[in-house]
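Structural overview for review
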Amino acid sequence: MLVEKNVPLQSSNSFGIVAKALSLVRIKSEADIAAVLQDPALQASPKFVLGGGSNIVLTGDVKPLVLKVEIMGRRLVSENAKAWIVEAGAGENWHDLVTWTLQNGYPGLENLALIPGTVGATPVQNIGAYGVELQDRFDSLDAIDLTTGQPFTLDAAQCAFGYRDSVFKHSSTARSAGAQGFGLADKALITRVRFALPKAWKPVLGYADIDKKMLQSKVDMPDALQIYEWICEIRKAKLPDPQVIGNAGSFFKNPTVSLEQCEDIIQREPKIVHYRLADGSVKLAAGWLIDACGWKGKSVGNAGVYDKQALVLVNKGGVSNPATGGEVMTLAKAIQTSVYERFGIRLEPEPVVV
Ligand code: EPU
C-alpha cells in the first residue's frame, strides 16, 4: 500500500479549487481498504472518502486520510423476469456507465446522462434529473465499514433515500439520521453499486425541455437512446461542463414549503416557479428564487453565479487563477441571506463542504 503525501486535488474536484490531500491512498480493490484498516498508523486516523469530487467544496487542505476510490468494473450480474441487474465499481465514471448500459441494451438510466461524478457517489446524494432519481433504478450496494473493516450490503430501504439524501449523508448521532435512526456519513466506503434496469421499459417524459425536443424532432415514441441524446443536448445547453468551467452542479436543493406558506408567497410573488408534491407540500425552484434576487452573472472574487442557470455556482478563474473554497462559500452565504430576506426561505447547500 502506497501512502502518497501532499497530493494536489485541483483536478480531483469538479470546481477546480486548489487544495492538497496531506495523505492519500488509492483504493483499487477491497484489499486496499483492508490494508489501510490493518495498518497500525492508519487504522484509527480520521478518513475522507473521495469519489469524482463533483459534489464537494474544498475550503483548505484535507487533513483526514483521503481514500480515493478507484474500484472499476461494469458487468451484468443477473437478470429476472422484470429487470437486468448491472453492477459497477464505485470508481467508474457515472456518465460512461450510463452510455455503456444503453450500448448493451439495458435501458433505464438515460434521464440521468451527463451527471458528473463517479458511480459510488450516486447513491450518497440520490442523484436525480428529468423525473428519474437513482432510487428508481437502484438494486443494492456493497460497502465496507471503515471502523471494523466488515463488508456489508444495503438494499434501497436500508439506504433511506430521500430527495438528494440517503443514510450516507447523516451521522449516527444526528437527529436527522436516516429512517432506521442510524447514519453512515464518514463511516463507510461504497465499493460497488447494482442497478435494476427494467425489461418493460417506458420513457419518462413530461418535462418541458423533453417535450420541446419531441415537438421539434416530431418523434413521439422515443427509445432510450433517443432520450439519452436529448438529455445530453439539454444539459449541454443549460449547464456548464465542469471540464471547461468548474462547478458542482446545482449548489442548493430545491426547498419544500407547506401549501399555506406557498400561497402566502404567491400573493407577493405571483411568478414563483413551484410544483405540487404528492404529499400536499410544494417544491419551489431554487434557481428561480436566486434569479429573482438578481444573482445571475454576479460574483465574489472568482466564484460566480452561472449566467444561464442561477442554481449553479461556477469557478470563473479557470485552472490558472481558480476561485477559492472561501470565495464559493462567501458567495453561497450572500445568496442564502438575500433569498431569506426576500422570500423567508432558507436554501440548503447540496455539496459537502470540506
Ligand atoms: N429558473 C429560473 N432561473 C434560473 C434557473 C431556473 O427562472 O436561473 C427556473 C426555470 O425556468 C424553471 C425552474 O426554475 O422553470 C426549474 O429549473 P430547471 O428545470 O433548470 O431545474 P432545477 O430545479 O433548477 C433540478 C435539479 C437538477 C436537474 C434538473 C432537471 C435540483 C437541486 N436540481 O434543477 O439537478 O438536472 O432539475 O431535472 O434538484 C444537480 O442536482 O446537480 C442538478 C443539476
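Residues numbered from 1 in each chain as written. Predicted model: local features only at pLDDT ≥ 70, side-chain atom pairs only at ≥ 80, totals over all residues. Heavy atoms only, no water.

Mapping serine 338 onto the fold places it in helix H8 (residues 325–343). Other than its neighbours up to four places away in sequence, serine 338 contacts Cys293 and Trp295. (Helix = DSSP H or I, 4+ residues; strand = E, 2+ residues; numbered from the N terminus. Contact = heavy atoms within 4.5 Å.)

Packing of helix H4 (residues 208–217) against helix H5 (residues 224–238) brings their axes to within 10 Å, and their N-to-C directions diverge by 115°. The two elements H4 and H5 cross, and the hand of that crossing is right-handed. For the pair H4 and H5, the contacting residues are Asp209, Ile210, Lys213, Met214 and Ser217 in the first and Trp230, Ile231, Glu233, Ile234 and Lys238 in the second. Grouping the constituent residues of the contact of H4 with H5 by class yields five nonpolar, one polar and four charged. (Axes fitted to C-alpha atoms, helices over the stretch in contact; angles between N-to-C directions. Left-handed = near helix turned anticlockwise from the far one by under 90°. Nonpolar A, V, L, I, M, F, W, Y, C, P; charged D, E, K, R; others polar.)

Let us look at the packing of aromatic side chains. For any pair of aromatic rings, the description rests on two quantities: the centre-to-centre distance and the angle between the ring planes. Taken as a whole and judged by the stated rule, the model has eight aromatic pairs. Seen in terms of ring centroids, phenylalanine 251 and phenylalanine 252 are 5.2 Å apart; in terms of plane orientation they differ by 70°. Their pairing is edge-to-face. For the pair phenylalanine 251 and phenylalanine 252, one class covers both residues: buried. Ring plane angle 55° and centroid distance 6.0 Å describe the contact between tryptophan 288 and phenylalanine 343, whose orientation is recorded as tilted. Taken together, the positions of tryptophan 288 in helix H7 (residues 286–292) and phenylalanine 343 in helix H8 put the pair 55 residues apart, joining distant regions of the chain. Tryptophan 288 sits in the partly exposed class, given a relative accessible area of 21%. We classify phenylalanine 343 as buried; its relative accessible area is 4%. Of the aromatic side chains, those joined through ring pairs into one cluster are Phe15, Phe251 and Phe252. Here the guanidinium or amino end of lysine 283 rests over the ring plane of tyrosine 163, the centre of that ring lying 3.3 Å away. Over the face of the ring belonging to tyrosine 340 we find arginine 346, whose NZ or CZ atom lies 4.1 Å from the ring centre. (Phe/Tyr/Trp six-rings, centres within 6.5 Å; stacked < 30°, edge-to-face > 60°. Buried < 20%, exposed > 50% of the residue type's maximum accessible area, 1.4 Å probe, protein only. Lys NZ or Arg CZ within 6 Å of the ring centre and 35° of its normal.)

What follows concerns the sheet that holds strand S19 (residues 312–315). Reading across the sheet, the four strands line up as S13-S19-S18-S17 and stay open at both edges, with antiparallel pairing between neighbours. For this open sheet the edge positions go to strand S13 (246–250) and strand S17 (299–300), each flanked by a neighbour on one side alone. As paired strands, S17 and strand S18 (residues 303–305) are joined by two bridges and run antiparallel to one another. Along S18, the bridge assignment pairs valine 300 with alanine 303. Against the sheet, H8 makes contact with S17, S18 and S19, and its axis sits at roughly 35° relative to S18, the strand it touches most. (Pairing = 2+ DSSP bridges.)

This part is about helix H2 (residues 94–103). Most of H2 sits out of view: eight of its 10 residues are buried. Regarding H2, the residues found buried are Trp94, His95, Leu97, Val98, Thr99, Trp100, Thr101 and Leu102. Where H2 is buried, its residues contact strand S6 (74–79), strand S7 (83–89), strand S12 (188–198) and H5. Positioned one or two residues after H2, glycine 105 has a phi angle of 85°, which is positive.

Looking now at the pattern of salt bridges. Per the stated rule, a full pass over the model turns up 18 salt bridges. For glutamate 350, the salt bridge goes to arginine 164, with nearest N and O atoms at 3.5 Å. With glutamate 350 in the loop between H8 and strand S20 (352–353) and arginine 164 in the loop between helix H3 (156–159) and S12, this residue pair connects regions lying 186 residues apart in the sequence. (Salt bridge = Lys/Arg side-chain N within 4 Å of Asp/Glu carboxyl O.)

Domain annotation of the protein identifies domain 1 (4–69), domain 2 (74–198) and domain 3 (246–353). The C-alpha centroid of domain 3 is placed 26 Å from the C-alpha centroid of domain 2. The interface of domain 2 with domain 3 comprises four residues on the first partner and four residues on the second. In this assembly, domain 2 packs against domain 3 so that about 460 Å² is buried in total across both faces, 39% of it on carbon and sulfur atoms. Looking at the side of domain 2 facing domain 3, the largest losses of area belong to Tyr163, Arg164 and Lys169, adding up to 85% of the total buried there. The tally of links from domain 2 across to domain 3 stands at one salt bridge. (Domains from an automatic or database assignment. Buried area = accessible area lost by both parts, 1.4 Å probe.)

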